[in-house]
Amino acid sequence: MTKDAKRFKQMETIMTAVLIAATVLFIIYLIAAGNGIIWLKAVTAIITILVCGLCLAYLYVTKLLLRPKTMWMTLAAGAIIICLLFSLILNFPAKL
């Protein structure tokens, strides 16, 4: 395996772990929103947006944002941000 291939594989492994962590944070956000825990909802929303935004920024800086090999990373980070923003705008789930 070449040096570049090893570097890419390592970056892919780290990015996968970060995106899984962002997904877990989003699920914690949904649970907190559904139970009415406002402070946890706010904290997890901010951290999730920052983590996904940093993933997208890293892909942009390394010029891998819209490459076919890394398209799944771009779409995963973008999907989490879009779902979170829609949830914040629509106030769903909300404790009644």
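Residues numbered from 1 in each chain as written. Predicted model: local features only at pLDDT ≥ 70, side-chain atom pairs only at ≥ 80, totals over all residues. Heavy atoms only, no water.

Some thoughts on the pattern of salt bridges
Consideration 1: Tallying each qualifying case throughout the model produces two salt bridges.
Consideration 2: Between Arg 7 and Asp 4 there is a salt bridge, and its shortest N-O distance comes to 3.8 Å. Of this pair, Arg 7 and Asp 4 both sit in helix H1 (residues 3-35), three residues apart, roughly one helical turn.
Consideration 3: Owing to a relative accessible area of 56%, Asp 4 belongs among the exposed residues under this scheme. (Salt bridge = Lys/Arg side-chain N within 4 Å of Asp/Glu carboxyl O. Helix = DSSP H or I, 4+ residues; strand = E, 2+ residues; numbered from the N terminus. Buried < 20%, exposed > 50% of the residue type's maximum accessible area, 1.4 Å probe, protein only.)

With respect to the nonpolar core
Generally speaking, nonpolar side chains in soluble globular proteins are found buried as a group.
Consideration 1: Core analysis: the biggest nonpolar cluster contains 16 residues, and Met 15, Leu 19, Cys 52 and Met 73 have the highest contact counts within it.
Consideration 2: At seven residues, the largest contribution of residues to this core is made by H1.
Consideration 3: Here Met 15 is in contact with Cys 55, Tyr 58, Leu 59 and Met 73, once residues within four sequence places are set aside. (Core = buried A, V, L, I, M, F, W, Y, C linked by side-chain atoms within 4.5 Å. Contact = heavy atoms within 4.5 Å.)

With respect to helix H3 (residues 71-90)
Consideration 1: End to end, H3 covers 28 Å across 20 residues, agreeing with the expected 28 Å (1.5 Å per residue, within 8%).
Consideration 2: Considered for burial, the residues of H3 that qualify are Met 73, Thr 74, Ala 77, Gly 78, Ile 80, Ile 81, Leu 84 and Ser 87.
Consideration 3: For H3, the secondary structure elements touched by its buried residues are H1 and helix H2 (38-61).
Consideration 4: Once H3 finishes, Asn 91 follows within two positions and takes phi at roughly 55°, a positive value. (Expected span 1.5 Å × (residues − 1).)

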